[in-house]
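Observations on chain architecture
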Amino acid sequence: MIEIDPVKCVGCGACVRICPPKALTIEVNEKETILKYFIGRCIFCWMCVQTCPQKAIKTTNKFELSAVDVHELQMELVHNTVKCRVCGKPFITSKFVKEVGRRLNGGFKDDLLYVCPTCRRKLTAKKIATKVTGVE
Amino acid sequence: MVEALPRNGSVDLAKAFDKLKRSIWVFHLNTGSCNGCDIEVLDVLTPYFDVERFGIKLVGSPRHADLILLTGPITIKTLDKVVRAIDAMPRPRLVLALGSCGVGGGIWFNTYSTLGGYPKLQELLKSLGVEVDKVVYVPGCPVRPEAIIYGVALLLGLAEPKVRYERVEAVEG
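Residues numbered from 1 in each chain as written. Chains lettered and ligands numbered in written order. Predicted model: local features only at pLDDT ≥ 70, side-chain atom pairs only at ≥ 80, totals over all residues. Heavy atoms only, no water.

Our next topic: the overall build of chain B. Check the secondary structure of chain B and you find six helices and six strands. Helices and strands in chain B line up, N terminus first, as α-β-α-β-β-α-β-α-α-β-α-β. Its C-alpha atoms give chain B a radius of gyration of 17 Å, near enough to 16 Å, the size a compact globule of 173 residues would have. Based on the C-alpha atoms only, the size of chain B along its principal axes is roughly 60 × 40 × 30 Å. Sorting the 173 residues of chain B into buried and exposed places 50% on the buried side. Counted over contacts in chain B with a minimum sequence separation of 6, partners at least 24 positions apart contribute 76%. Carbon and sulfur atoms form 56% of the exposed surface of chain B, whose accessible area is close to 9000 Å². (Helix = DSSP H or I, 4+ residues; strand = E, 2+ residues; numbered from the N terminus. Rg over C-alpha atoms; globule rule 2.2 N^0.38 Å. Buried < 20%, exposed > 50% of the residue type's maximum accessible area, 1.4 Å probe, protein only. Contact = heavy atoms within 4.5 Å. Areas by Shrake-Rupley, 256 points an atom, 1.4 Å probe, with all protein chains shown as cover.)

Here it is, written out as structure tokens:
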């Protein structure tokens with residue numbers, strides 16, 4: 001089975017995208033973002049280990065994973081959810097926002113960092129339009 | 001089909017369940033698996049692991065079996081045969097769902113031609129009135145032979161489960 005480090009993981013969802021049997025899933029709701037790992041469906045291909053940008057996923061040599069109840073085979077990692085400052089939709093984890101800010105080295109201001117992709121597109125388009133035409 | 005079930009004498013059933021400590025006979029039921037798990041099941045029975053020394057024996061008919069080794073994601077094509085095989089078993093019925101496919105459907109968990117794992121089959125069996133007394137889920141792709149033996153030990157109450165449901169809060173760095 002794999003082990004996800006709760007310190008290193010930022011909840012970006014790269015592992016969820018790559019996972020062939022979708023043993024890793026991410027659920028975003030108002031309060032929290034939950035990264036779920038269902039051992040019962042994992043095929044132990046280590047694609048998530050390879051792809052994790054934070055190197056948060058570790059391989060282990062545990063294989064005696066039997067359980068009487070399927071729900072015992074579920075692991076959850078709970079992150080905080082950040083809401084978009086424009087539309088108020090939950091879209092990303094707080095750790096992910098910080099990590100992106102750190103990697104961009106201040107290239108993104110907070111007003112764009114805490115805005116969801118759809119709203120960010122609109123904001124940028126508006127900015128360009130204002131620059132070109134000079135009208136608000 | 002359902003009327004042919006043995007009389008549900010709960011006292012007798014509990015007694016039979018208590019007696020079932022060793023020498024369980026297994027029936028190998030492939031429900032459309034890729035044969036990876038089936039080879040591992042064979043491995044368990046061959047001299048290297050040799051579970052026949054514990055009295056675990058492979059039998060040719062579900063009517064002789066205490067335990068079904070279920071591999072594969074339960075394809076629609078095999079579904080009626082699977083239900084009939086499980087129904088043919090005498091009580092107490094035990095099932096060992098093997099492999100990622102048997103437990104959660106594996107990479108076929110949401111395709112049109114499979115049921116997607118044992119939990120969904122169990123719901124179906126319940127609606128048909130076929131009761132299964134105990135199930136143990138053994139993940140792995142394919143399952144290691146040691147994991148299969150451990151699963152049987154867990155089923156008979158000889159070992160403790162090693163994995164638990166976990167919910168961890170992420171640490172803000």
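Let us now look at the layout of surface pockets. Taken as a whole, the largest pocket encloses approximately 390 Å³ of empty space. In terms of lining residues, the largest pocket is bounded by 21 residues, among which A:Met1, A:Ile2, A:Glu3, A:Met75 and B:Glu166 are the most central. Secondary-structure elements contributing two or more residues to the lining of the largest pocket are strand S1 (2–4) and strand S5 (74–83) of chain A together with strand S6 (166–169) of chain B. The residue makeup of the lining of the largest pocket, split by class, is 12 nonpolar, no polar and nine charged. Space inside the second largest pocket adds up to approximately 220 Å³. The wall of the second largest pocket is formed by A:Phe38, A:Arg41, A:Val70, A:His71, A:Gln74, B:Val103, B:Gly104, B:Phe109, B:Gly116, B:Pro119, B:Lys120 and B:Glu123. Looking at the lining of the second largest pocket, the elements with two or more residues in it are helix H4 (99–104) and helix H5 (118–128) of chain B. Here the lining of the second largest pocket takes three residues from H5(B), the largest share from any one element. In terms of residue class, the lining of the second largest pocket is made up of five nonpolar, four polar and three charged. (1 Å grid on protein atoms, 1.4 Å probe; cavity = no way out; pocket = protein on both sides within 12 Å on 5 of 7 lines; lining within 4 Å. Points joined across faces, edges and corners; volume = space filled by probe spheres on them. Nonpolar A, V, L, I, M, F, W, Y, C, P; charged D, E, K, R; others polar.)

With 36 residues of chain A at the contact, the number on the chain B side is 34 residues. Between chain A and chain B lies a buried interface of about 3100 Å² when both sides are counted; carbon and sulfur atoms form 59% of it. If you look at where chain A meets chain B, you find five salt bridges. A:Glu64 serves as the salt-bridge partner of B:Lys162, at 2.3 Å between the closest nitrogen and oxygen. At the boundary of chain A with chain B, the tally comes to 19 residue pairs in polar contact (both at pLDDT 80 or more). Taken together, the elements giving at least two residues each to the side of chain A that touches chain B come down to strand S3 (32–38), S5 and helix H3 (94–104) of chain A. (Buried area = accessible area lost by both parts, 1.4 Å probe. Salt bridge = Lys/Arg side-chain N within 4 Å of Asp/Glu carboxyl O. Polar contact = N/O pair within 3.5 Å; in protein donor to acceptor, adjacent residues only side chain to side chain.)

This chain's UniProt record puts "domain: NADH:ubiquinone oxidoreductase-like 20kDa subunit" (unreviewed entry) on residues 34–153 of chain B. Along residues 34–153 of chain B, the helical share is 41% and the strand share 14%, with 25 Å between the first and last C-alpha atoms. (UniProt positions renumbered as here; feature names shortened; annotations may be inferred.)

On to the side chain of B:Asp38, then. Residue and element names in this part refer to chain B. Relative to the helices and strands, Asp38 is located in helix H2 (residues 36–45). Buried and unpaired, Asp38 has no salt bridge, with Lys81 as the nearest side chain of opposite charge at 16 Å. Within the local environment of Asp38, its side chain forms a polar contact with the side chain of Thr71, the two groups lying 3.1 Å apart. If sequence neighbours within four positions are ignored, Asp38 has contacts with His28, Asn30, Ser33 and Thr71. (Lys, Arg positive; Asp, Glu negative; His and termini not counted.)

This next bit is on the packing of helix H3 (residues 76–88) of chain B against H5(B). All names here are of chain B. The interhelical angle for the contact between H3 and H5, taken along N-to-C directions, is 65 degrees, at an axis separation of 11 Å. Viewed along their axes, H3 and H5 form a crossing whose handedness is right-handed. Contacts between H3 and H5 involve Leu79, Val82, Val83 and Ile86 on the former and, on the latter, Leu121, Leu124, Leu125 and Leu128. Of the residues belonging to the contact of H3 with H5, the class tally is eight nonpolar, no polar and no charged. (Axes fitted to C-alpha atoms, helices over the stretch in contact; angles between N-to-C directions. Left-handed = near helix turned anticlockwise from the far one by under 90°.)

Okay, the nonpolar core next. Judged by nonpolar contacts, the single largest core of 50 residues is most densely connected at A:Leu24, B:Leu70, B:Ile86, B:Tyr118 and B:Leu121. Examining the composition of this core, we find that five residues originate from one element, H3(B), more than from any other. When sequence neighbours within four positions are dropped, the list of residues in contact with B:Tyr118 reads B:Leu70, B:Ile74, B:Val95, B:Ala97, B:Gly102, B:Val103, B:Leu125, B:Val132, B:Val135 and B:Tyr137. Membership of the second largest hydrophobic core comes to 23 residues, among which are B:Leu20, B:Leu69, B:Leu155 and B:Leu156. (Core = buried A, V, L, I, M, F, W, Y, C linked by side-chain atoms within 4.5 Å.)

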